[in-house]
Amino acid sequence: MSKNLVLILNCGSSSLKFAILDPATGDEKLSGLAENFHLADARIKWKLNGEKGAADLGAGAAHSEALNYIVSNILSAELKDSIGAIGHRIVHGGEKYTSSIVITPEVIEGIKEAAAFAPLHNPAHLIGIEEAFKAFPELKEKNVAVFDTAFHQTMPEQAYLYALPYSLYKEHGVRRYGFHGTSHYYVSREAAKVLGIPAEKANIITCHLGNGASVAAIRNGECIDTSMGFTPLEGLVMGTRSGDLDPAIIFFMHNTLGMSVKEIEETLVKKSGLLGLTEVTSDCRFAEDNYNDKPEAKRAMDGFCYRLAKYIGSYMAILGDDRLDAIVFTGGIGENAGPVRELTLNYLKLFGIKVDSEKNTAARFGKSGEITAADSAFRAFVIPTNEELVIAQDTARLAL
């Protein structure tokens, strides 16, 4: 039997997203999510060849139990035998990894070293790798690490350095790394196809908008700047993350309000963003649906779009004398929230950008398309992302 399929694992500290794809065609055989690890209601849900299923994993279950359930209860013998390689999404590769790589003991050590920059994510990825080795021992040498940070490693020094003592960078790696790289890579390549230009000549601003959100400036197919930084906290207004703020606010919260470092971190990462501005929810749909009726919805939506427009405008500036081929929206919000796209682009009328409201409304729920008017100075598109396909293709290229 041909081992032409790739198993994709995306391990979080309390969850495991998984999928099986044919990297040649993009066909998805299986997708699913195991969640609530270490809790009483740990569970798993999946879609196999279009059919949905769900089950309890048992109290306290985690990555090992989830992967064992997938292998023992979901995969048929035929499907399991068709898996030829395993691709792992790894959030942080530091400066060491600028592209995907077959996992070796040395790579595992590298992922451990980068765990200092992603303490919630990289340790979970390492658990996923270890469990994959156990569940599929015959594929141990066909596991591939695909890094979220890799695409952004082409940023020039002036983009990735903070104005801090240079020794913090040289000795401790304190710099801007960027995230969502797999998504920015994918939609920029898809946009180049739509535009009919080579990917290596495309100048595109990509906006990955979801609970986590980031923008990337891409010149000649390479990232030259991105909004997330040392961690995914920098940049845009997000679901629960603050994005950019005056660092002195942290001193104020600690010195004047008496908040501990842990409380401040909890506030900035889990209680801010759309949740902080609405004081109701982190779900963008609340802001979208209640924009004209509830002031908390309006201030959240306006703040989200205003910050996004500032980043897009600044990235148009750093492209310099080069042209801008397209602005691309992707991610859960980017693909579905037409009002967010229209409000954002309306801030950029000075650049001659004009939204076609009818096209913008039509481009949602998985539908791609151009959303700007025929006489717009610059073109904008909605392109659904497919990070799993990128992981599958990279894994196949290196291990199948």
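An account of the accompanying structure is given in this report. From a predicted model like this one, the values you see are computed outputs, not experimental measurements.

1. Considering the overall build of the protein chain
- If you tally the helices and strands in the protein chain, you get 16 helices and 14 strands.
- Relative to the globule expectation of 21 Å for 400 residues, the C-alpha radius of gyration of the protein chain, 21 Å, shows essentially globular dimensions.
- Oriented by its inertia axes, the alpha-carbon framework of the protein chain measures out at about 60 × 55 × 45 Å.
- Here the protein chain holds 400 residues, and 53% of them are scored as buried.
- Once local pairs closer than 6 in sequence are excluded, the contacts in the protein chain between residues at least 24 apart make up 62%.
- As displayed, the protein chain offers around 18,300 Å² of accessible surface, 52% of which is attributable to carbon and sulfur atoms.
- Charged side chains of the protein chain number 40 positive and 50 negative; the gap between the two group centres comes to 2 Å.

2. Looking at the sheet that holds strand S14 (residues 380–382)
- Reading across from one edge, S11-S10-S9-S12-S14-S13 is the order of the 6 strands in this open sheet, with mixed pairing throughout. The sheet terminates laterally at strand S11 (222–226) and strand S13 (369–370), the two strands that pair on one side only.
- One ladder, built from 5 bridges, connects strand S9 (residues 204–209) with strand S12 (residues 326–330); its direction is parallel. Following the sheet pairing, cysteine 207 is matched in S12 by phenylalanine 329.

3. Here we look at the nonpolar core
- Judged by nonpolar contacts, the single largest core of 42 residues is most densely connected at Ile205, Leu209 and Ile327.
- Within the residue set of this core, elements represented by two or more residues are S9, strand S10 (213–219), helix H11 (284–289), helix H12 (295–318), S12, helix H14 (338–346) and S14.
- Broken down by element, the residue count for this core peaks at 9 residues, all from H12.
- With 30 residues, the next largest nonpolar core counts Phe18, Leu30, Ile70 and Leu139 among its residues.

4. What about the state of the cysteines?
- The final tally for this structure, using the stated rule, is 0 disulfides.
- No disulfide involves cysteine 207; its sulfur sits 11 Å from that of cysteine 305, the nearest cysteine.
- Judged by its relative accessible area of 0%, cysteine 207 is buried.
- For cysteine 284, which is in no disulfide, the shortest distance to another cysteine sulfur is to cysteine 305 and amounts to 7.3 Å.
- By relative accessible area, cysteine 284 is classed as buried at 8%.

5. Let's talk about the side chain of threonine 330
- Secondary-structure assignment places threonine 330 in strand S12.
- Once residues lying within four places of it in the same chain are set aside, the contact partners of threonine 330 are Ser183, Val187, Cys207, His208, Leu209, Glu335, Ile383, Pro384 and Thr385.

6. Side note on the sheet that holds strand S1 (residues 5–11)
- Across the sheet, 8 strands lie side by side as S5-S4-S3-S2-S1-S6-S8-S7; this open sheet has mixed pairing. The open sheet terminates on both sides in strands that have one partner only, identified here as strand S5 (51–56) and strand S7 (101–102).
- Inspection of the sheet shows S1 paired to strand S2 (residues 15–21) by 6 bridges, in the antiparallel sense. Following the sheet pairing, leucine 7 is matched in S2 by isoleucine 20.

7. Examining the packing of aromatic side chains
- Evaluated as defined, the whole model comprises 10 aromatic pairs.
- On the basis of an interplanar angle of 0 degrees and a centroid distance of 4.7 Å, the ring pair of tyrosine 97 and phenylalanine 147 is categorised as stacked. Here tyrosine 97 is found in the loop between strand S6 (83–90) and S7, whereas its partner phenylalanine 147 is found in strand S8 (residues 143–147), with 50 residues between them in sequence. Both residues of the pair, tyrosine 97 and phenylalanine 147, count as buried.
- Here the aromatic cluster, defined as three or more aromatic residues joined through ring pairs, consists of Phe117, Tyr177 and Phe230.

Quick notes on the rules
- Residues numbered from 1 in each chain as written.
- Predicted model: local features only at pLDDT ≥ 70, side-chain atom pairs only at ≥ 80, totals over all residues.
- Heavy atoms only, no water.
- Helix = DSSP H or I, 4+ residues; strand = E, 2+ residues; numbered from the N terminus.
- Rg over C-alpha atoms; globule rule 2.2 N^0.38 Å.
- Buried < 20%, exposed > 50% of the residue type's maximum accessible area, 1.4 Å probe, protein only.
- Contact = heavy atoms within 4.5 Å.
- Areas by Shrake-Rupley, 256 points an atom, 1.4 Å probe, with all protein chains shown as cover.
- Lys, Arg positive; Asp, Glu negative; His and termini not counted.
- Charge placed at Lys NZ, Arg CZ, Asp CG, Glu CD.
- Pairing = 2+ DSSP bridges.
- Core = buried A, V, L, I, M, F, W, Y, C linked by side-chain atoms within 4.5 Å.
- Disulfide = S-S within 2.5 Å.
- Phe/Tyr/Trp six-rings, centres within 6.5 Å; stacked < 30°, edge-to-face > 60°.

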